[in-house]
Each structure stands twice: as C-alpha cells, then as structure tokens.
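Spelled out, the chains give:
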Amino acid sequence: PFLSGSLAYMMGAFNALFHKIGERWKITLKYPDGTGETFDNEEFSLALFSNGKYYGGGFLSAPLAETDDGLIDAVIVKKVSKPKFISLLNKYKKGLHVNRDTKNVAEDFKECMIYKKCISAHIENIKRICLDGEMMYTNSADIRIVKNALRYSVI
C-alpha cells in the first residue's frame, strides 16, 4: 500500500527472490497461420500475455506489441537461477530482451525466454494470475483478443 508504479513492481520482483522461482505449467499458443505450439516439458518463472508494450509501472515487457494488431505478445520465461534473474531484470525492464530489428529474442535471453505473437493462449497448472495488478486464484486461463470489446471516446 505504500509503494506504487515501477518501484512496487521492482520490490515484487525482488521479493520473488526469497521464494521458489519456477513452476511446471502447460502453455499452448495458437498462431495467426492456424498452427500452434505447446510448451510443457519444463519449469517457467513468468508468463506474460499482452497487447500493450508496458506493465508494472514502466516495464517495457512486450516491446513489439501493438494494441490494434489483434495479436497477443507472449513473453514466457523459463526457470532461471536467482543470479541470472538479477542480472537480466534491468535489461528486461528496458525492453532489451527483444531485438527490434530482427524481432527475435536478444542474445542474452535466448536460453531462457520465448517471445511469440499469437491469437490465443491457454495456460494450465497455475496457482494464480495477475490481471492489471489484481491477483486472481485459478488453475488455468484462456487468453484471447476480443475485437471491439472495449469502446471509448476521447473528449
């Protein structure tokens, strides 16, 4: 309650260092060309599904995301050691985990990160999810873009 924005997120990230980093999840992505891919043979530390570039008070987590392209940017981090986590956190915050020219995962992150654009995602064996800062307890989630679901006007 005393922290907000980027500082709150950074404190949460460092708090994670005092707990087990990595859980076995099953993540299935469906791609725009109709193909799909499932990741379920390892432990993961983070799975982020976004159509916006930023979260956590300024983390550039999905640097290639576009809010109007109808796609979800999936950022999936495999289980990493605590020293590796610390060494990569600032680069991740700045969006340096993805090479904007090649649109591939940056060299420092290749062994521990998957970055894909998809039309839907399904994740199983989870304990909780965070939706715009609100924690929800569940064991699975379906993520997709709903076209024209949000209407707004600027005055």
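Coordinates for the structure precede this section.
For clarity, every value in this text was computed on a predicted model and none was experimentally measured.

In this section: the sheet that holds strand S4 (residues 43–50). Taken in spatial order, the four strands of this open sheet run S1-S4-S5-S8, and their pairing is antiparallel. Unpaired on one side and paired on the other, strand S1 (23–24) and strand S8 (113–118) mark the two borders of the sheet. As paired strands, S4 and strand S5 (residues 72–78) are joined by six bridges and run antiparallel to one another. Residue pairing across strands places Phe49 opposite Ala74, the latter belonging to S5.

Before going further, it helps to spend a moment on the packing of aromatic side chains. What characterises a pair of aromatic rings is the spacing of the ring centres plus the angle enclosed by the ring planes. Within this structure, the stated rule accounts for three aromatic pairs. Relative to Phe59, the ring of Tyr55 lies with its centre 6.1 Å away and its plane at 50°, an arrangement referred to as tilted. For Tyr55, a relative accessible area of 22% corresponds to the partly exposed category. Their ring planes at 50° and their centres at 6.1 Å tell us that Phe59 and Tyr92 sit as a pair that is tilted. Of this pair, Phe59 sits in the loop between S4 and S5 while Tyr92 is found in helix H2 (residues 82–93), placing the two residues 33 residues apart along the sequence. With a relative accessible area of 0%, Phe59 lands in the buried category. Chaining the aromatic ring pairs together yields one cluster made of Tyr55, Phe59 and Tyr92.

What follows is about the side chain of His97. For His97, the location among the structural elements is in the loop between H2 and strand S6 (98–99). Every residue in contact with His97, bar those within four places of it in the chain, is listed here: Leu60, Ser61, Pro63, Lys91, Tyr92, Asn104, Val105, Ala106, Phe109, Met113 and Tyr115.

To continue, consider a nonpolar patch on the surface. There is a patch of nonpolar side chains on the surface, built from Leu150, Tyr152 and Val154 and spanning about 440 Å² of accessible area. Relative to the elements of secondary structure, Val154 occurs in the segment after strand S12 (140–144).

Here the focus is the sheet that holds strand S3 (residues 36–39). Reading across the sheet, the four strands line up as S3-S2-S9-S12 and stay open at both edges, with antiparallel pairing between neighbours. Either end of the sheet is taken by a strand with one partner, and the two such strands are S3 and S12. The mean inter-strand angle of the sheet, taken between neighbouring strand axes irrespective of direction, is 10°. Bridge count between strand S2 (residues 26–30) and strand S9 (residues 120–124): five bridges; the pairing is antiparallel. Pairing of Lys26 across the sheet is with Glu124, part of S9.

Parameters at a glance
- Within every chain, residues take consecutive numbers counted from 1 along the sequence as written.
- Predicted model: local features are reported for residues with pLDDT of at least 70 only, side-chain atom pairs are reported and counted for 80 or more only, and whole-chain, interface and lining totals are derived from all residues.
- No hydrogens and no water enter the side-chain calculation; it runs on all heavy atoms of the structure.
- Paired strands, in this sense, are two strands between which DSSP finds at least two bridges.
- Under the DSSP-based scheme used, a helix requires at least four consecutive residues in state H or I and a strand at least two consecutive residues in state E, with every element numbered from the N terminus.
- Classification of ring pairs uses Phe, Tyr and Trp, with its six-membered ring standing for Trp, and accepts pairs whose centres are within 6.5 Å; under 30 degrees between planes counts as stacked, over 60 as edge-to-face, and the remaining range as tilted.
- To sort residues, take the accessible area from a 1.4 Å probe on protein chains only and compare it with the maximum for the residue type: under 20% means buried, over 50% means exposed, and anything in between is partly exposed.
- Contacts are assigned to residue pairs with any non-hydrogen atoms lying within 4.5 Å of each other.
- Here, patches come from residues exposed beyond 30% relative accessible area and free of salt bridges, joined within 9 Å for like charges and within 5 Å for nonpolar side chains (Val, Leu, Ile, Met, Phe, Trp, Tyr).
- Accessibility throughout is a Shrake-Rupley quantity obtained with a 1.4 Å probe, and a residue counts as covered only by protein chains that appear here.
- In what follows, salt bridge is the name for a side-chain nitrogen of Lys or Arg lying within 4 Å of a carboxyl oxygen of Asp or Glu.
- Interaxial angles span 0 to 180 degrees and are taken between N-to-C directions of axes, which are lines fitted to C-alpha atoms, for helices over the stretch in contact.

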